[in-house]
Amino acid sequence: MDNEESVRRAGGAELVRFRLGVVDEALRLFADQGYEATSVDEIAEAAGISRRTFFRQFRSKEDVIFADHEAQLVAAQEYLQQSPLDPWDAICEAAVQVFERFTRWRDIAERRYHVVRRVPALRDREIVTVFRYDRLFTDYLRERQPDSPDLARVQFTAAVTATHNYLLRRMVRGESAAGTADLRAELSAIPRGGRRPAGEDELVLAVFRRDLPARHVAELLSQRLGSLAETTAD
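The text that follows walks through the structure, step by step, so that each part is easy to find. Note that this is a predicted model, so its numbers are computed, not measured.

A word on empty space enclosed by the protein. What the rule picks out here adds up to two cavities of 30 Å³ or more. Space inside the largest cavity adds up to approximately 300 Å³. The wall of the largest cavity is formed by 19 residues, among which His69, Phe102, His164, Asn165 and Leu168 lie closest to the centre. Contributing elements (two or more residues each) for the lining of the largest cavity: α7 (87–104), α8 (106–118), α9 (120–144) and α10 (150–172). For the lining of the largest cavity, the element with the highest residue contribution is α10, accounting for seven residues. By volume, the second largest cavity amounts to about 40 Å³. Lining of the second largest cavity is provided by Val16, Arg19, Leu20, Ala67, Asp68, Ala71 and Trp105. Among the secondary structure elements, those contributing two or more residues to the lining of the second largest cavity are α2 (12–33) and α6 (67–82).

Within the secondary structure, Val154 sits in helix α10. Sequence separation between Val154 and Leu141 is 13 residues; the distance between their C-alpha atoms is 9.0 Å. Beyond its immediate stretch of four places on either side in the chain, Val154 contacts Thr138 and Arg142.

The geometry of α7 relative to α10 is characterised by a closest axis approach of 11 Å and an angle of 20° between their N-to-C directions. Viewed along their axes, α7 and α10 adopt a mutual orientation that is roughly parallel. You can see that α7 and α10 cross each other, and the crossing is right-handed. Contacts between α7 and α10 involve Trp88, Ile91, Cys92, Ala95, Val98, Phe99, Phe102 and Thr103 on the former and, on the latter, Ala152, Arg153, Phe156, Thr157, Val160, His164, Leu167, Leu168 and Met171. Classifying every residue of the contact of α7 with α10 by side-chain character gives 13 nonpolar, three polar and one charged.

Here the focus is the pattern of salt bridges. Scanning the entire structure with this criterion turns up 18 salt bridges. Taking the shortest distance from any N to any O, the salt bridge between Glu70 and Arg132 comes out at 2.6 Å. Pair noted here: Glu70 is in helix α6 and Arg132 is in helix α9, with a separation of 62 residues, a long-range link. In this structure Glu70 comes out as partly exposed when scored by relative accessible area, which is 24%. When its relative accessible area of 29% is taken as the criterion, Arg132 is described as partly exposed. A salt bridge links Arg173 to Glu175; the nearest nitrogen and oxygen atoms lie 3.1 Å apart. For Arg173, a relative accessible area of 36% corresponds to the partly exposed category.

Let us look at the environment of Asp182. Tracing the backbone shows Asp182 in helix α11 (residues 180–188). In this structure Asp182 comes out as partly exposed when scored by relative accessible area, which is 39%. There is a polar contact of 2.7 Å between the side chain of Asp182 and the backbone nitrogen of Gly179.

For α7, built from 18 residues, the straight-helix expectation of 26 Å at 1.5 Å per residue is met to within 8% by its first-to-last C-alpha distance of 26 Å. Most of α7 sits inside the fold, with 13 of its 18 residues counted as buried. Regarding α7, its N-cap is Asp86, as a side-chain oxygen of that residue lies 3.0 Å from the backbone nitrogen of Trp88 further along.

Packing of α7 against α11 leaves a shortest axis separation of 10 Å and a crossing angle of 155°. Taken together, the axes of α7 and α11 are roughly antiparallel relative to one another. Classified by chirality, the crossing of α11 by α7 is right-handed. Between α7 and α11, the residues in contact are Cys92, Glu93, Ala95, Val96, Phe99 and Glu100 and Thr180, Leu183, Arg184 and Leu187, respectively.

Thresholds, definitions, all that
- Residues numbered from 1 in each chain as written.
- Predicted model: local features only at pLDDT ≥ 70, side-chain atom pairs only at ≥ 80, totals over all residues.
- Heavy atoms only, no water.
- 1 Å grid on protein atoms, 1.4 Å probe; cavity = no way out; pocket = protein on both sides within 12 Å on 5 of 7 lines; lining within 4 Å.
- Points joined across faces, edges and corners; volume = space filled by probe spheres on them.
- Helix = DSSP H or I, 4+ residues; strand = E, 2+ residues; numbered from the N terminus.
- Contact = heavy atoms within 4.5 Å.
- Axes fitted to C-alpha atoms, helices over the stretch in contact; angles between N-to-C directions.
- Parallel < 35°, antiparallel > 145°, perpendicular 65-115°, else oblique.
- Left-handed = near helix turned anticlockwise from the far one by under 90°.
- Nonpolar A, V, L, I, M, F, W, Y, C, P; charged D, E, K, R; others polar.
- Salt bridge = Lys/Arg side-chain N within 4 Å of Asp/Glu carboxyl O.
- Buried < 20%, exposed > 50% of the residue type's maximum accessible area, 1.4 Å probe, protein only.
- Polar contact = N/O pair within 3.5 Å; in protein donor to acceptor, adjacent residues only side chain to side chain.
- Expected span 1.5 Å × (residues − 1).

Put into structure tokens, the structure is as follows:
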């Protein structure tokens, strides 16, 4: 007999831990036996729960693989609703918190990565899951930054999730030891609302005749750059 009664009564962090335990057992079986060859009954038995309890918590075998994302999305949404930060910065911090939790659940993230890579249907599901983060962040900006161009909002959230996923994948593949500080640094470089981040260097392009003496080029550059600096200061 499993702990179904305690599962039904569980809430918050306890329920998250329970679900992660089932996810962990499922991924171990998928890695050892293959996704298609593993049954729901085998997952339930390995996790010490009944088939009925499994389907109370997960809709399908595919659903269990991404169950921790459900907790991540809920946590990110709750954070955004309460965050006192500027909306653009709040989204970056929400992404950092997601990354930090994945580093704590690194074994699960690594096993899922290798299982998903081998099953096309799961890769498609992963794409849908990433889109849900994009939609959560974009909808938040539409609510909190109604005057910003919608394209700028969409570009920003796409860049945030892409940066997060790039560093996460490198971590689970063992190619990088990047942590939350590295992610924050990369996210800080993403333009907010179509604007360049404060302090970012600008590119200045100058065109001169090929036969112009170098001394004259240097003088002209000095004059033009000085004028640019004065205009910026004004």
